[in-house]
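As a plain string of letters, each chain reads:
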Amino acid sequence: MVDVYYPYVESEAKWNELKYSLRSIEKHFPFDFKVWITGYLPEWVTGVNHIPHKRCVGMQENTTYDAIAKHLVFCNHPQSVK
């Protein structure tokens, strides 16, 4: 089983990239997989594992810090593959 991980911030998303990526994985990825989204979960996304996480704000490097914080939340989640 392979975990596919997305740190997602809706306000930073452009051009339906999450939708295209999820469709591509479903169509072309040859392994059993589990999708994880950390952060905001769009209403149209179903059948994935979601870890809620508020966006880190209030610092100049918030985009990088936010991605790292989301990755740590995913890595420390008891159901993610270690």
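These numbers were taken from a predicted model, which means no experiment stands behind them. (Residues numbered from 1 in each chain as written. Predicted model: local features only at pLDDT ≥ 70, side-chain atom pairs only at ≥ 80, totals over all residues. Heavy atoms only, no water.)

Counted according to the given criterion, the structure contains 4 aromatic pairs. Residues Tyr 5 and Phe 74 carry aromatic rings whose centres are separated by 4.6 Å and whose planes lie at 20 degrees to one another, so their mutual orientation is stacked. Linking Tyr 5 in strand β1 (residues 2-8) with Phe 74 in helix α2 (residues 62-75), this pair joins segments that are 69 residues apart in sequence. Here Phe 29 and Phe 31 contribute two aromatic rings whose centre-to-centre distance is 5.3 Å and whose plane-to-plane angle is 70 degrees, an arrangement assigned as edge-to-face. In this structure Phe 29 comes out as partly exposed when scored by relative accessible area, which is 30%. Over the aromatic face of Trp 44 sits the side chain of Lys 19, whose NZ or CZ is 5.1 Å from the ring centroid. (Phe/Tyr/Trp six-rings, centres within 6.5 Å; stacked < 30°, edge-to-face > 60°. Helix = DSSP H or I, 4+ residues; strand = E, 2+ residues; numbered from the N terminus. Buried < 20%, exposed > 50% of the residue type's maximum accessible area, 1.4 Å probe, protein only. Lys NZ or Arg CZ within 6 Å of the ring centre and 35° of its normal.)

Side chains three or four residues apart in an α-helix point the same way, a direct result of the helix having 3.6 residues per turn. The terminal C-alpha atoms of helix α1 (residues 17-28), which comprises 12 residues, lie 16 Å apart, in line with the 16 Å expected from a rise of 1.5 Å per residue. Taken as a whole, α1 has its buried residues at Leu 18, Leu 22 and Ile 25. All buried residues of α1 lie within an arc of 65 degrees about the axis, which places them on one face of the element. Those residues of α1 that are exposed and angled more than 90 degrees off the buried face are Arg 23, Lys 27 and His 28. Contacts from the buried residues of α1 go to β1 and β2 (33-39). (Expected span 1.5 Å × (residues − 1). Arc of directions from axis to C-beta. Contact = heavy atoms within 4.5 Å.)

It is worth spelling out the confidence of the model for the protein at this point. Residues of the protein with pLDDT of at least 70 account for 85%, and the chain-wide mean is 83. Of all secondary-structure elements in the protein, the lowest mean pLDDT belongs to α2, at 75, while α1 reaches the highest, 94. (pLDDT = per-residue confidence, 0-100.)

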